[in-house]
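Coordinate inspection notes
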Amino acid sequence: MQPFRVHTGIVAPLYRPNIDTDQIIPKQFLKRIERTGFGQFLFYDWRYTSDGRPDPTFILNWPQYEGASILIAGKNFGCGSSREHAPWSLLDYGFRAIIAPSFADIFANNALKNGLLPVVLDESTVAAIAASAEATPGYQVTVDLERCEVRDENRIISTFTIDPFQRHCLLEGLDEIALTLQHEALIAAYEAKRNRV
Amino acid sequence: MPRTLLDKIWDEHVVYQPEDAPALLYIDLHLVHEVTSPQAFEGLRVAGRRVRRPDLTVATVDHNVPTADRHLPIADAIAAQQIATLRRNCREFGIRLFDMDSEYQGIVHVIGPELGLTQPGMTIVCGDSHTSTHGAFGALAFGIGTSEVEHVLATQCLPQRKPRTMAIRVNGKLPAGVSAKDLALGIIRTIGTDGATGYVIEYMGEAVRSLSMEGRMTLCNMSIEAGARAGMISPDDTTFSYLEGRPHAPRGAAWDAAIKRWQELASDEGAHFDRVVDIDARTLAPFVTWGTSPGQVVPVTDRVPDPAEAATEAERRAAERALQYMGLEPGTPIEEIEIDRVFIGSCTNARLEDLRAAAAVVRGYRVHPKVRAMVVPGSQQVKRAAEAERLDRIFREAGFEWRDPGCSMCLGMNADILQPGERCASTSNRNFEGRQGRGGRTHLVSPMMAAAAAIAGHFTDVRRWQFK
Ligand code: SF4
């Protein structure tokens, strides 16, 4: 997994509640058996019109958000299916962090496992960042996992909390399976004990 | 100290609890399907790892499979490749697969219980959010992503923080015509689509106890639509009689011992829940969703709400968007909404009892001439059992299509999809934009309500249905 420490980037405000995984990556793209190349399908039904042309009403198609790497969303982002294709497509498109008032559990887990940082801030703070991103072309923020804060060039916008273990794994880019396998003896002992009862 | 059902299952499965890090939780049953597994197996191969417990791992194909003309090769080349990939992976890693031609093939959350693989007290995972279904048996069952699928394949464990607990007590009895699906929708309406984020729900109370296993599965299935990681119901005689004699259920002395253990699986008197929600079953009605999120739902006797009355600005905007997508005007009576398609299927509502309930409504009627309706049984076993009762005849004679098992139009990964603008009464669990096909409009309802809508051509209150 790629580590996440400090990231600065352009903010794209997609400030809507309940953005579900079917919107993030529609099912027709889940048939691929690779982990890569999903960015082209991100938000497909919103990004493209039914004849396959970029939809000019969708904000990611606006020039001021080109190259955006931080997404602002409404509450319950990533609700719906467990498809890890959702964080894969966000990352492949170029997003490194998502800021929202809340995330669906499975999505947040999947994101963390891939080095995409979900940042939970309260509703009014998220709304304020979205407003700045709408008002100021090229508006950038810094998401700092070392200090657990979000700031722009003028000020610290907010601090955030994150599970310390997840934070550690992200900062170091750890392979969680390798971590678990360090406890192989304990797993074997557990299995042996359960077999006896 | 009194413990909850979750506490009991959790404590039993902790392999290792480091200080300040998640517990390492042992997984008893890992279910696998074709869509969320290929990258996990590939990860194992790249790292040179094996599957630790192929004997605790079971695979089936459901999301991609065609529901008609199974004897022909799959027309969609990419879907065919994904299914072939699962086959190859199962062979290479020694995993049991219920393939397309198996008499036990079906939607993963339908076949686990009906094979008796799903048992009380277990920890169960699958790369699929509706794994919560299995909690109906008093198991801790939750959906995981592909990285975690790989983790479980390699280690049979998952690092997990213990979730918070929410008790949902459903008091009183469900009125006639109001099903487990309506109860699930009513709960989401009450607590919201993120109301249970971070929680495991334990459902309890008279209305829950009176549900059949099928009904309990429907209820637990939709826990995820309320944001919960899992839903669970403590096992009782209903659970035990469902399980007895199933292919993978214990037998003889092992069965008696299992029952003794399972009877312990109830929350103790006075056990602490982080949140308690009370619902009065008598106030519930058959529900119909009007929007693009399961929380956008009203009783069938209501009207499409006016976004201007939404509680917050964000909700107002979301409601306006939803109405525009759904092609609906505020104030329209739900019963006047005409439909084009009906889908009876999915891991929420495609078990035998669901098909019986729908067939009872359909018997003696014809599908409205403007409506195309299909029934997709949840598994081969459900299909055979329904045919043995001649339910297929009732559906077919009424003009329904009777198909082969799979996820089908629940998510439209195969050829079963809505055309843009088509409006569907669906027994599935998600009414997201485009879920059943780009531009398709999904209304979530119970099997009885879907059946009644198929006949009437519009939504209608099944509590007033003239059964023939
Ligand atoms: S039936 Fe629908 S919700 Fe259930 S597993 Fe299949 S796609 Fe998922």
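Residues numbered from 1 in each chain as written. Chains lettered and ligands numbered in written order. Predicted model: local features only at pLDDT ≥ 70, side-chain atom pairs only at ≥ 80, totals over all residues. Heavy atoms only, no water.

1. So, empty space enclosed by the protein
- Under the defined criterion, the tally for this structure stands at 4 cavities of 30 Å³ or more.
- Looking at the largest cavity, its volume works out to about 210 Å³.
- The wall of the largest cavity is formed by 22 residues, among which Ser-81 of chain A together with His-63, Asp-128, Leu-411 and Arg-435 of chain B lie closest to the centre.
- Its residues placed into classes, the lining of the largest cavity shows 8 nonpolar, 10 polar and 4 charged.
- Shared between two domains, the lining of the largest cavity holds at least three residues of each, these being domain 1 (5-160) and domain 3 (287-464) of chain B. (1 Å grid on protein atoms, 1.4 Å probe; cavity = no way out; pocket = protein on both sides within 12 Å on 5 of 7 lines; lining within 4 Å. Points joined across faces, edges and corners; volume = space filled by probe spheres on them. Nonpolar A, V, L, I, M, F, W, Y, C, P; charged D, E, K, R; others polar. Domains from an automatic or database assignment.)

2. Focus: the nonpolar core
- One finds Phe-43, Phe-77, Leu-90 and Phe-107 of chain A together with Val-342, Phe-395 and Phe-400 of chain B to be the most contacted residues of the largest nonpolar core, which totals 90 residues.
- Per element, the largest residue contribution to this core is 8 residues, and it comes from helix 15 (residues 447-456) of chain B.
- Among the domains, domain 1 (5-160) and domain 3 (287-464) of chain B are the pair contributing at least three residues each to this core.
- Formed by 80 residues, the second largest nonpolar core is a distinct cluster that contains Leu-5, Ile-27, Leu-153 and Met-217 of chain B. (Core = buried A, V, L, I, M, F, W, Y, C linked by side-chain atoms within 4.5 Å. Buried < 20%, exposed > 50% of the residue type's maximum accessible area, 1.4 Å probe, protein only. Helix = DSSP H or I, 4+ residues; strand = E, 2+ residues; numbered from the N terminus.)

3. Points about helix 14 (residues 391-398) of chain B
All names here are of chain B.
- Listed in full, the buried residues belonging to helix 14 are Leu-391, Asp-392, Ile-394, Phe-395 and Ala-398. The arc enclosing the buried residues of helix 14, seen along the axis, measures out at 160°, which places them on a common side.
- Looking at the buried positions of helix 14, the neighbouring elements they touch are helix 12 (352-362), strand 16 (372-375), helix 13 (380-388) and strand 17 (401-402). (Arc of directions from axis to C-beta. Contact = heavy atoms within 4.5 Å.)

4. Looking at the packing of helix 12 of chain B against helix 15 of chain B
Residue and element names in this part refer to chain B.
- Put simply, helix 12 and helix 15 touch, their axes get as near as 8 Å, and they point 30° apart. Judged by the inter-axis angle, helix 12 sits roughly parallel to helix 15. Two packed elements cross with a definite hand, and for helix 12 against helix 15 that hand is right-handed. Residues Asp-354, Ala-357, Ala-358, Val-361 and Val-362 of helix 12 touch helix 15, and the partners they reach there are Pro-447, Met-448, Ala-451, Ala-452 and Ile-455.
- A class-by-class count of the residues in the contact of helix 12 with helix 15 yields 9 nonpolar, no polar and 1 charged. (Axes fitted to C-alpha atoms, helices over the stretch in contact; angles between N-to-C directions. Parallel < 35°, antiparallel > 145°, perpendicular 65-115°, else oblique. Left-handed = near helix turned anticlockwise from the far one by under 90°.)

5. Quick look at the sheet that holds strand 16 of chain B
Residues and elements named next belong to chain B.
- An order of 17-16-15-18-19 is seen for the 5 strands of this open sheet, with the pairing classed as parallel. Pairing within the sheet leaves two strands with one partner each, and these edge strands are strand 17 and strand 19 (441-444).
- Bridge analysis of strand 15 (residues 341-344) against strand 18 (residues 423-426) gives 3 bridges, and the strand direction is parallel. If you follow Arg-341 over to strand 18, its bridge partner there is Cys-424. (Pairing = 2+ DSSP bridges.)

That's the geometry; what it means functionally is another story.
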